[in-house]
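# Structural characterization, general
Listed below are the residues making up each chain.
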Amino acid sequence: MAIDETLPFTPINIAVLTVSDTRTRDNDTSGDILAARIEAAGHTIAERAIIKDDAILLVDEIESWIDNPNIDTIISTGGTGLTGRDVTPEALSRIDGGRDIPGFGELFRWISYKSIGTSTVQSRACAIVARGTYIFALPGSNGAVKDGWDGILVEQLDSRNRPCNFVELMPRLRES
């Protein structure tokens, strides 16, 4: 990590969205892992929900969270695989004003390759920024959530990370 401890930490408000036809709050282990890591890093869980693998439902929930001024970032788990029910990337492509962050998915698969080898090609992890809100879509496995948070997001969502980070860009995300 390239954390500059002389700088102040800026906590952000993060919404956690689990995308699954089978998970409940009682067995949402990947959502629990993500929420625990977010809070351990000093951020706030602003919202948390479980939505079925349905693009229309996903778009509706994500759009409402984007419009919520108390949410800075959304991180989802699940729905990024190759089956017909995996529709998270398609839902993100329907978000009004969304712009791809291609490096996120590329870096995630590189990190994931170290854990699961060539099976990482089955992941469609991705990210966008829409109307001032970051949205990161991670696979739903516990290992993938750990890879995505520990390998990318814990640093990029830390305002002290150098040479740059996502947090310092937040005030400028709505520029035209």
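Look above for the structure.
None of these values were measured; they are calculated from a predicted model. (Residues numbered from 1 in each chain as written. Predicted model: local features only at pLDDT ≥ 70, side-chain atom pairs only at ≥ 80, totals over all residues. Heavy atoms only, no water.)

## With respect to the environment of Ile71
Under the convention used in this document: Strands are runs of DSSP state E lasting at least two residues, helices are runs of H or I lasting at least four, and both sets are numbered from the N terminus onward. Note on exposure labels: buried denotes an accessible area under 20% of the residue type's maximum, exposed denotes more than 50%, and partly exposed covers the range between, all computed with a 1.4 Å probe on protein chains only. Contacts are assigned to residue pairs that have any heavy atoms within 4.5 Å of one another.
Here Ile71 is to be found in the loop between helix H2 (55–66) and strand E3 (73–77). For Ile71, a relative accessible area of 4% translates into the label buried. Separated by 26 residues in sequence, Ile71 and Ile45 have C-alpha atoms that sit 8.9 Å apart. Not counting chain neighbours up to four residues away, the residues in contact with Ile71 comprise Asn13, Ala15, Ala46, Glu47, Trp65 and Thr133.

## Some remarks on the packing of helix H1 (residues 29–40) against helix H5 (residues 142–156)
When two helices pack together, their arrangement is captured by the angle between the axes and the distance separating the axes. The condition is simple: Every axis in this analysis is a line fitted to C-alpha atoms, fitted for helices over the stretch in contact. Angles between the N-to-C directions lie between 0 and 180 degrees. Roughly parallel refers to an angle under 35 degrees, roughly antiparallel to one over 145, roughly perpendicular to one between 65 and 115, and oblique to any angle outside these ranges. In this scheme the crossing of two helices becomes right-handed for a clockwise turn of the near helix relative to the far one and left-handed for an anticlockwise turn of less than a right angle. Residues are sorted three ways: Asp, Glu, Lys and Arg are charged, Ala, Val, Leu, Ile, Met, Phe, Trp, Tyr, Cys and Pro are nonpolar, and all the rest, Gly among them, are polar.
Direction vectors running N to C along H1 and H5 enclose 20 degrees, while the axes themselves pass 9 Å from each other. The angle between H1 and H5 places the two elements in the roughly parallel class. Classified by chirality, the crossing of H5 by H1 is right-handed. Mapping the contact onto sequence places Thr29, Ser30, Ile33, Leu34, Arg37 and Ile38 in H1 and Asn142, Val145, Lys146, Trp149 and Asp150 in H5. Tallied by class, the residues present in the contact of H1 with H5 amount to five nonpolar, three polar and three charged.

## Some details on the pairing of strand E6 (residues 133–138)
Rules: At least two DSSP bridges between two strands are needed for those strands to be called paired.
For E6, the buried fraction is high: six of the six residues fall into the buried class. Side chains Thr133, Ile135 and Ala137 of E6 all project onto a buried face; the interleaved residues Tyr134, Phe136 and Leu138 project onto the opposite face, where all are buried too. Note: E3 against E6, five bridges, orientation parallel. Bridge pairing in E6 places Ser76 opposite Ala137. In the sheet, strand E5 (residues 126–130) pairs with E6 via five bridges, with the strands oriented antiparallel. Residue pairing in the sheet places Cys126 in a bridge with Ala137 of E6. Joining the antiparallel neighbours E5 and E6 is a turn of two residues, in which Arg131 adopts a positive phi near 50 degrees.

## A short note on the nonpolar core
Where we set the bar: Residues belong to one nonpolar core when they are buried, are Ala, Val, Leu, Ile, Met, Phe, Trp, Tyr or Cys, and are joined through side-chain atoms within 4.5 Å.
Among the nonpolar cores identified, the biggest contains 27 residues, and Ile75, Phe104, Phe136, Trp149, Leu153 and Leu157 are the most heavily contacted of them. Broken down by element, this core gets its largest block of residues, six residues, from H5. Discounting residues that sit within four places of it in the chain, Trp149 has contacts with Ile14, Leu34, Arg37, Ile38, Ala41, His43, Ile75, Val154 and Leu157. Among the nonpolar cores identified, the runner-up in size contains 22 residues, and Ala15, Ile51, Val87 and Ile135 belong to it.

## As for H2
What counts is decided by this rule: Expected helix span is given by 1.5 Å per residue-to-residue step, counting one fewer step than there are residues. Think of a polar contact as two N or O atoms within 3.5 Å of one another; within protein, one of them needs to be a possible hydrogen donor and the other a possible acceptor, and neighboring residues in sequence only count if both atoms come from side chains.
In this model, H2 (12 residues) spans 16 Å end to end at C-alpha, consistent with the 16 Å of a helix rising 1.5 Å per residue. Considering only its buried residues, H2 is in contact with strand E1 (13–19), strand E2 (44–51), E3, helix H3 (88–93), E5 and E6. Measuring from the backbone nitrogen of Ile56 back to the side-chain oxygen at the start of H2 gives 3.0 Å, which picks out Asp54 as the cap.

## Quick look at the layout of surface pockets
Put simply, the rule reads: As defined here, a cavity is a set of points on a 1 Å grid over the protein atoms alone where a 1.4 Å probe fits but cannot get out. A pocket is an open set with protein on both sides within 12 Å along at least five of seven lines, and residues line them when an atom is within 4 Å of a point. Grid points are joined across faces, edges and corners, and a volume is the space filled by probe spheres set on the points.
Roughly 160 Å³ of volume is contained in the largest pocket. As for the largest pocket, its lining consists of Ser112, Ser115, Ile116, Ser119, Thr120, Gln122, Ser123, Pro139, Ser141, Gly143, Ala144 and Asp147. Among the secondary structure elements, those contributing two or more residues to the lining of the largest pocket are helix H4 (102–116) and H5. Along the lines of polarity and charge, the residues of the lining of the largest pocket split into three nonpolar, eight polar and one charged.

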